[in-house]
Amino acid sequence: MRRKIIAANWKMNMTQNESDSYLDTFLREVAEEKRVDIVLVPPFTALSHVSQRLNNVQNVKLGAQNMHWEKGGAFTGEISAAMIRELFARYVILGHSERRTLFGETDETVNRKTKVAHEGSLKPIVCIGETLTERDANQVEQVLEKQLRGSLAGLDAKALTETVLAYEPVWAIGTGRTATPEQAQAAHAFIRKVLAEMSDAATADKVRIQYGGSVKPGNTAELMSQPDIDGALVGGASLVARDFAEIIKLTAAL
Ligand code: PEP
């Protein structure tokens, strides 16, 4: 039985001040919730602050939105795995579609980062997903398989089981359009099949695959009850403390 994992990707939103009032509400709302893994992923500038606020909170973990694959050096504007880990973050989102399309990330760079994240004791949340053009051209499986094999190349079974995948159809991110539960389930089942080919069925069965793309309280239950959907990566709706807490409670109650 895979434990569900619900993560909030705040993207380039939330100052430290804003995070304070968010956390006042959010931490109260989810204080008793222990049935799912909860991860907050603030921008780098709020990581340290949110980390301090989570100091005595056991059931909410911290993540970063990106990192560099080198340990240190002349990489202006970049952040290393050790810098993130030092702030007690456990997770790092890698290869988000916004990073792939706006900042030139490729399967190869995501793969380098994924390996370095594991070496640095961070659990990567590796994002994959097709564009609308690719879906319309019936290329969903081809695109997902290429991204999976490229982004996860060279990971052993242990690293794979400690990797979280996020299936995020690009056309559903921030658009209000959600994949139907059937579309999402079909993609997740396909991803698990490719993972089994890359390793073995038992390993593939342990990997958690989140769905991301306009998840909100109103569509949570039907998406999260699909057999191969193991949680959600939430953008827009995660910025409203009560909505994100509601998504968590609805998932936990399934
Ligand atoms: C995301 O950016 O990972 C995401 C899923 O965004 P949204 O929930 O706003 O579609």
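As the structure is a prediction and not an experimental result, all values here were calculated from the model.

Draft legend 1. Region of interest: the sheet that holds strand β7 (residues 208-212). Read around the barrel, 8 strands follow the order β1-β2-β3-β4-β5-β6-β7-β8 and close on themselves; strand pairing throughout is parallel. Put simply, the sheet's adjacent strands are angled 25° from each other on average, direction ignored. As judged from the 3 bridges shared by strand β2 (residues 37-41) and strand β3 (residues 60-64), these two strands associate in the parallel manner. When the bridges of β3 are listed, L40 appears paired with L62. Strands in contact with helix α1 (residues 16-29) are β2 and β3; relative to β2, the strand with the most contacts, it is inclined by about 175°. Taken strand by strand, helix α7 (residues 140-151) contacts β5 (123-128) and β6 (164-167), and its axis lies near 155° from that of β5.

Draft legend 2. Summary view of the site of the ligand. If you check the shell around the ligand, you find 14 residues, and the closest are K11, H96, E168, G174 and S214. A distance of 2.7 Å is found between an oxygen atom of the ligand and a backbone nitrogen or oxygen belonging to G174. Contact distances for the ligand include 2.8 Å between an oxygen atom and a backbone N or O atom of G236. Protein chains bury 96% of the 290 Å² of accessible surface belonging to the ligand in isolation. Residue classes in the shell around the ligand are distributed as 4 nonpolar, 8 polar and 2 charged.

Draft legend 3. Up close: the pairing of strand β4 (residues 91-94). Where burial is concerned, the two faces of β4 agree: the one with Y91 and I93 and the one with V92 and L94 are both buried. Sheet topology places β3 next to β4; 2 bridges connect them, and they run parallel. By the bridge assignment for β4, G63 is matched with Y91. Of the crossover connections in this fold, the one passing from β3 over helix α3 (residues 81-86) to the parallel β4 is right-handed. Two elements, β4 and β5, share 4 bridges in a ladder whose sense is parallel.

Reading the values: rules and limits
- All residue numbers refer to positions counted from 1 along the written sequence of the respective chain.
- It should be noted that, the model being predicted, local features are given only for residues of pLDDT at least 70 and side-chain atom pairs only at 80 or more, the latter also being counted only at that level, while totals for whole chains, interfaces and linings use all residues.
- As a convention, hydrogens and water are excluded, and side-chain values are obtained from all of the structure's heavy atoms.
- Pairs of strands are assigned from DSSP output, requiring at least two bridges between the strands.
- Put simply, DSSP marks the helices as runs of H or I at least four residues long and the strands as runs of E at least two long, and each gets a number from the N terminus on.
- Here the axes come from fitting lines to C-alpha atoms, over the contacting stretch only for helices, and the angles between their N-to-C directions go from 0 to 180 degrees.
- Residue contacts are counted whenever heavy atoms from the two residues lie within 4.5 Å of one another.
- If a single non-hydrogen atom of a residue is within 4 Å of a molecule or strand, that residue counts as near it.
- Here a polar contact is taken to be a pair of N or O atoms separated by no more than 3.5 Å, where protein atoms must pair a possible hydrogen donor with a possible acceptor and residues adjacent in sequence count only if both atoms sit in side chains.
- For the area figures, the Shrake-Rupley method with a 1.4 Å probe applies, and any residue is considered shielded solely by the protein chains shown.
- When residue character is reported, Ala, Val, Leu, Ile, Met, Phe, Trp, Tyr, Cys and Pro are called nonpolar, Asp, Glu, Lys and Arg charged, and the others, Gly included, polar.
- The buried label goes to any residue with under 20% of its type's maximum accessible area, the exposed label to any with over 50%, and the partly exposed label to all in between, with areas taken from a 1.4 Å probe on protein chains only.
- Handedness of a crossover is defined as follows: with both strands directed away from the viewer, a clockwise route from the first strand across the helix to the second makes it right-handed.

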